There are 2 protein chains.
Amino acid sequence: MEEIKIFCPATIANVSCGFDVLGLALDSVGDIMTVRKSTEEGIRITKISGQELPLETKKNVAGVAGLALLEKSGLKGGFEIEIDKKIKPGSGIGSSAASSAGAVWAMNELLGRPFSKLELVQFAMQGEQLASDVAHADNVAPALFGGFTLVRSYDPLDIVPIPTPDELFATVIHPQIEIKTSDSRKILKTNISLEKGIQQWGNLGGLIAGLFQSDYDLIGRSLEDHIIEPIRSILIPGFDQIKSGAINSGALGCGISGSGPSIFALSKGQDVAETVAQSMDKIYSDVGIPFDIHISKINTKGVKKIA
Amino acid sequence: MEEIKIFCPATIANVSCGFDVLGLALDSVGDIMTVRKSTEEGIRITKISGQELPLETKKNVAGVAGLALLEKSGLKGGFEIEIDKKIKPGSGIGSSAASSAGAVWAMNELLGRPFSKLELVQFAMQGEQLASDVAHADNVAPALFGGFTLVRSYDPLDIVPIPTPDELFATVIHPQIEIKTSDSRKILKTNISLEKGIQQWGNLGGLIAGLFQSDYDLIGRSLEDHIIEPIRSILIPGFDQIKSGAINSGALGCGISGSGPSIFALSKGQDVAETVAQSMDKIYSDVGIPFDIHISKINTKGVKKIA
């Protein structure tokens, strides 16, 4: 195989009580990438459509992640990458992670899979480092593993795939305002109360148990975040209305996707996810901010070959 | 049925990263209680053997928990309770919880099970309130449900039973020193760093996933607590040696049971649990503090009828 065309899913990180540890992959939102082997050394980004992003390898997350893999592979030669960028940068649904994960997944396929998924996560994290100054794994891990993934630990890196209940759907609204990941980090407090910490790990435990048992009620009860959401939601216009609208429309839970500004809701079944989307649409149409809405099943495969 | 004789298991609360939310029940350590119906109103503690504890109903945790149930039941009449106390009060393996949970479980059986297990937990929590000034559920929940239980939330009370891998054994050493639960609470800080909080919920998520999948390695990697253990372990002589001895003997993890002074280790298989016990025995024999050691399978039934 000399060339591969892939789908790179959008992802939701910081799933409520799973701040910094739990992410999930979407099925119907993502980028398309074409990666081909080249006799020329290094990585070249030959084309980017859909968004304005740097073609220069070391300034592009796919380039940086790809270089990390290339260096470890010992390969003489390199790769060319084309990116059809459907996920808007800065939307909070893992735009940089999709490109980073996609690049290294595709290169690994073309090389005959010398690297494990865990190693691919580590390469892709280099792209995240470029994008947000932090080599976080909570978007690239679900992009590569699919479904829900828990980043149990960074040192050593320990990714735990968590099962996905069949009827789980996500609704995501992306208000087109800009929040920088670095800014949304800065407003967080460095300390939290032990009491809220206990609530949070109780809820994360409940969420993991709910996902293992396809217990939608338990998933819903556990989708709470009393630590990050109250602070960051201030940056997102209409967050409280969107959230109460989603819950009233039957969503299991609703929270900030990544560091925002996108807001996600999880629902049991596509019908509920669509009702939730209508509710979000109405609220943001009234607010008057431009937005996109996505409805998606949870993607249990991660990056995949499409040609 | 007019009378019932029951086994009330000892329990381990604060299972490492599961501080205040995760507990488990032991199989071979527990109290024996006999509870019988009486035409006389109220609860009478007619006999306590094994330990010196108050017979006065309102000063005895079994009495207080029993009264909470009795009041809700609308029963004319009452119960007599005999307790053969094998679990030492103050040992940190749920001595008060065993009596509280046992009393209400037995009464519920004698009344034809009008109450759910969740309601029994709520009654038993009244006994915990008497014992430690806090109506905590992390010992009474596993005592009543068996296995591992997660207290996801107190308001409303939400108990999530978690599956127990077949080969999981606990080794518990009880150094006979006194640490009051209230004192061991006081030394905790009211704030923690967000960074350690994230580690903790990552580990709790990993532990829950490990228990669901019988993934012993993941259980072992997740049995970490960087928040409470470093503070409380100072009160327990030889804690660090016991812990490193247990890990070197093959234990998956080791931590403080409840608020101490008991120390628990979890192991895959009885052989390892016994090797861990030998290591603990040797270390404490050298330290020169009197101690008990228990080796137990995890009890998946909770309180049970024995006659």
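The text that follows walks through the structure, step by step, so that each part is easy to find. Since this is a predicted model, take the numbers as computed values, not measurements.

Quick look at the pattern of salt bridges
Residue and element names in this part refer to chain A.
Thought 1: Summed over the entire model, instances satisfying the criterion amount to 29 salt bridges over all chains.
Thought 2: The shortest N-O distance in the salt bridge between arginine 44 and glutamate 80 comes to 3.2 Å. Here arginine 44, found in strand β3 (residues 42-49), pairs with glutamate 80, found in strand β4 (residues 78-84); they are 36 residues apart in sequence, far enough to count as distant.
Thought 3: Residues lysine 282 and aspartate 286 are paired through a salt bridge, measuring 3.2 Å at the closest nitrogen-oxygen approach. With lysine 282 and aspartate 286 both in helix α10 (residues 270-287), this residue pair falls four residues apart, about one helical turn.
Thought 4: Given a relative accessible area of 59%, aspartate 286 falls into the exposed group.

Brief notes about the interface of chain B and chain A
How large an interface is tends to be reported as the accessible area lost when its parts come together.
Thought 1: Counting residues at the interface gives 37 residues for chain B, matched by 37 residues for chain A.
Thought 2: Of the roughly 2700 Å² buried between chain B and chain A, counting both surfaces, carbon and sulfur atoms make up 70%.
Thought 3: When the buried area of chain B at its contact with chain A is split by residue, Arg152(B), Leu194(B) and Trp201(B) rank highest and sum to 29% of it.
Thought 4: Across the chain B-chain A interface, the total number found is 11 residue pairs in polar contact (both at pLDDT 80 or more).
Thought 5: Looking at the side of chain B that touches chain A, the elements with two or more residues in it are β2 (18-38), β5 (148-154), β6 (157-162), β8 (191-193), α6 (194-213) and α7 (216-222) of chain B.
Thought 6: The element that contributes the greatest number of residues to the side of chain B that touches chain A is α6(B), accounting for 14 residues.
Thought 7: Of the strand pairs in this sheet, strand β8 (residues 191-193) of chain A and β8(B) are connected by three bridges, and their pairing is antiparallel. Residue pairing across strands places Ile192(A) opposite Ile192(B), the latter belonging to β8(B).

Details of the packing of helix α1 (residues 61-73) of chain A against helix α2 (residues 95-110) of chain A
Residues and elements named next belong to chain A.
Thought 1: Two elements in contact, α1 and α2, have axes whose closest approach is 8 Å; the angle formed by their N-to-C orientations is 35°. When the axes of α1 and α2 are compared, the crossing they make is right-handed. Together, Val61, Ala62, Ala65, Gly66, Leu69 and Leu70 of α1 and Ser96, Ser99, Ser100, Ala103, Val104, Met107 and Asn108 of α2 make up the contact between the two elements.
Thought 2: Along the lines of polarity and charge, the residues of the contact of α1 with α2 split into eight nonpolar, five polar and no charged.

Considerations on the nonpolar core
Thought 1: Within the largest apolar cluster, 164 residues are counted, with the highest numbers of intra-cluster contacts made by Val121(A), Trp201(A), Val121(B) and Trp201(B).
Thought 2: The residues contacting Val121(B), other than those within four sequence positions of it, are Ala137(B), Val140(B), Ala141(B), Leu144(B), Phe145(B), Leu157(B) and Ile159(B).

Side note on the packing of aromatic side chains
Thought 1: A complete count under the given rule lists five aromatic pairs over all chains for this structure.
Thought 2: Consider the rings of Phe212(A) and Phe212(B), whose centres lie 4.9 Å apart with planes at 15°: the pair is stacked. Of this pair, Phe212(A) sits in helix α6 (residues 194-213) while Phe212(B) sits in helix α6, placing the two residues on different chains. Assigned by exposure class, Phe212(A) and Phe212(B) land together as buried.

Quick word on the packing of α1(A) against helix α3 (residues 117-132) of chain A
Residues and elements named next belong to chain A.
Thought 1: One can describe the packing of α1 onto α3 by two numbers: an axis separation of 7 Å at closest approach and a directional angle of 145°. The handedness of the crossing between α1 and α3 is right-handed. In contact with Val61, Val64, Ala65, Ala68, Leu69 and Lys72 of α1, α3 contributes Leu120, Phe123, Ala124, Gln126, Gly127, Leu130 and Ala131.
Thought 2: Partitioned by chemical class, the residues of the contact of α1 with α3 number 10 nonpolar, two polar and one charged.

Reading the values: rules and limits
Along each chain, residues carry numbers from 1 onward, in the same order as the chain's sequence is written. A letter from A marks each chain and a number from 1 marks each ligand, given out in the order of writing. Reporting in this predicted model follows two pLDDT cut-offs: at least 70 for local features of residues, and 80 or more for side-chain atom pairs to be given and counted; totals over whole chains, interfaces and linings ignore these cut-offs and use all residues. Side-chain numbers here rest on the full set of heavy atoms in the structure, without hydrogens or water. Salt bridges, as used here, are contacts in which a Lys or Arg side-chain nitrogen is within 4 Å of a carboxyl oxygen on Asp or Glu. Helix and strand assignments come from DSSP, with helices taken as H or I runs of at least 4 residues and strands as E runs of at least 2, each series counted from the N terminus. Only protein chains enter the calculation, and the probe is 1.4 Å; a residue is then buried if its accessible area is under 20% of its type maximum, exposed if over 50%, and partly exposed in between. Residues are treated as being in contact if the distance between any of their heavy atoms lies within 4.5 Å. What gets called buried area is simply the loss in accessible area from a 1.4 Å probe that two parts show on being joined, summed for both. Identification of polar contacts relies on pairs of N or O atoms within 3.5 Å, with a donor-acceptor requirement for protein atoms, meaning one able to donate a hydrogen and the other able to accept it, and with residues adjacent in sequence counted only if both atoms are side-chain atoms. The rule for pairing is simple: two strands pair if DSSP sees at least two bridges between them. Fitted lines through C-alpha atoms give the axes, limited to the stretch in contact for helices. The angle between two N-to-C directions lies from 0 to 180 degrees. For any helix crossing, the convention is left-handed if the near helix is rotated counterclockwise from the far helix by under a right angle, and right-handed if that rotation is clockwise. Here the nonpolar group is Ala, Val, Leu, Ile, Met, Phe, Trp, Tyr, Cys and Pro; Asp, Glu, Lys and Arg are the charged ones; every other residue, Gly included, is treated as polar. Put simply, a nonpolar core is a bunch of buried Ala, Val, Leu, Ile, Met, Phe, Trp, Tyr and Cys residues held in one set by side-chain atoms that sit within 4.5 Å of each other. Pairing of aromatic rings covers Phe, Tyr and the six-membered ring of Trp, with a centre-to-centre limit of 6.5 Å; geometry is then stacked below 30 degrees between planes, edge-to-face above 60, and tilted otherwise.

None of this, on its own, says anything about what the molecule does.
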